[in-house]
Amino acid sequence: MIRGLDDPGFEGAKMDRTPGDRLADVSRLETELVTRPDDTDLKDRLAVELVALTVDVRSLTRDRIPVFTSARQREFCGYAAARLIDLGVGGEAVQTTAKTLQSEIRAGEKWMWRKRRFSLLLMVVIVVAGLAIVVMGALAGSVPVVVAAGALGSAGLAAVVFARRKQRWQIDAERVTPVIWRHGI
């Protein structure tokens, strides 16, 4: 589930600040937290900034829904979610937001085929063509043709896999690209 800007986990976050300002505040708050590790108010302020940053770093659709469109966004949000859970503050809404972010990141790691049937058809055509050339080369007694057909068929299959098999977040990012209102990091 993708959470919007009206999510309860974002209450208290000032949305008019730049990501650079927020990063500087997070860094300052983390430094202060080293000297005052039991200060729950400090932890709450850090949690608010981290939650707001998870929105700032992601791209926003026209409907102002934060979405992942880059590996850097996923990496930062993974760090922020883990840090929020580690802090254990911010109330149930913040903790739920952090756990939802982690779930979304894990779900996005699943490998999928882009246009599965078309990809399968491409692989079948490459295998059949490669085997046909291997058989013709073998019948003609030409070892170089058999080796070349095997190598080219393998290269063709590898190319299809690299071009057509992506992680789910990458496929989702391609799908939402036309409706991106603001790009994140």
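Cut-off values and rules
Residues numbered from 1 in each chain as written. Predicted model: local features only at pLDDT ≥ 70, side-chain atom pairs only at ≥ 80, totals over all residues. Heavy atoms only, no water. Helix = DSSP H or I, 4+ residues; strand = E, 2+ residues; numbered from the N terminus. Buried < 20%, exposed > 50% of the residue type's maximum accessible area, 1.4 Å probe, protein only. Axes fitted to C-alpha atoms, helices over the stretch in contact; angles between N-to-C directions. Parallel < 35°, antiparallel > 145°, perpendicular 65-115°, else oblique. Left-handed = near helix turned anticlockwise from the far one by under 90°. Contact = heavy atoms within 4.5 Å. Nonpolar A, V, L, I, M, F, W, Y, C, P; charged D, E, K, R; others polar. pLDDT = per-residue confidence, 0-100.

In this structure, R64 takes a positive phi of about 60° despite not being glycine. Mapping R64 onto the fold places it in the loop between β1 (59-61) and β2 (66-67). Of note, K115 is a non-glycine position whose phi angle comes to about 50°, a positive value. Look at K115 and you get exposed, because its relative accessible area is 62%.

With that settled, consider the packing of helix α1 (residues 19-35) against helix α2 (residues 40-57). The contact between α1 and α2 brings their axes to 9 Å, and the two run at 150°. Here α1 lies roughly antiparallel to α2, going by the angle between them. Handedness of the α1/α2 crossing: left-handed. For the pair α1 and α2, the contacting residues are P19, R22, L23, D25, V26, L29, E30, E32 and L33 in the first and L42, K43, R45, L46, E49, L50, A52, L53 and D56 in the second. Of the residues belonging to the contact of α1 with α2, the class tally is 10 nonpolar, no polar and eight charged.

Glancing now at the confidence of the model for the protein chain. Considering every residue of the protein chain, the mean pLDDT works out to 90; 91% of them sit at 70 or more. Residue range residues 1-6 is modelled with pLDDT below 50. Its contacts to residues more than four positions away, or to other chains, number 18 contacts. For residues 8-13, every residue scores under 50 in pLDDT, and the model assigns this stretch 15 contacts once sequence neighbours within four places are set aside.

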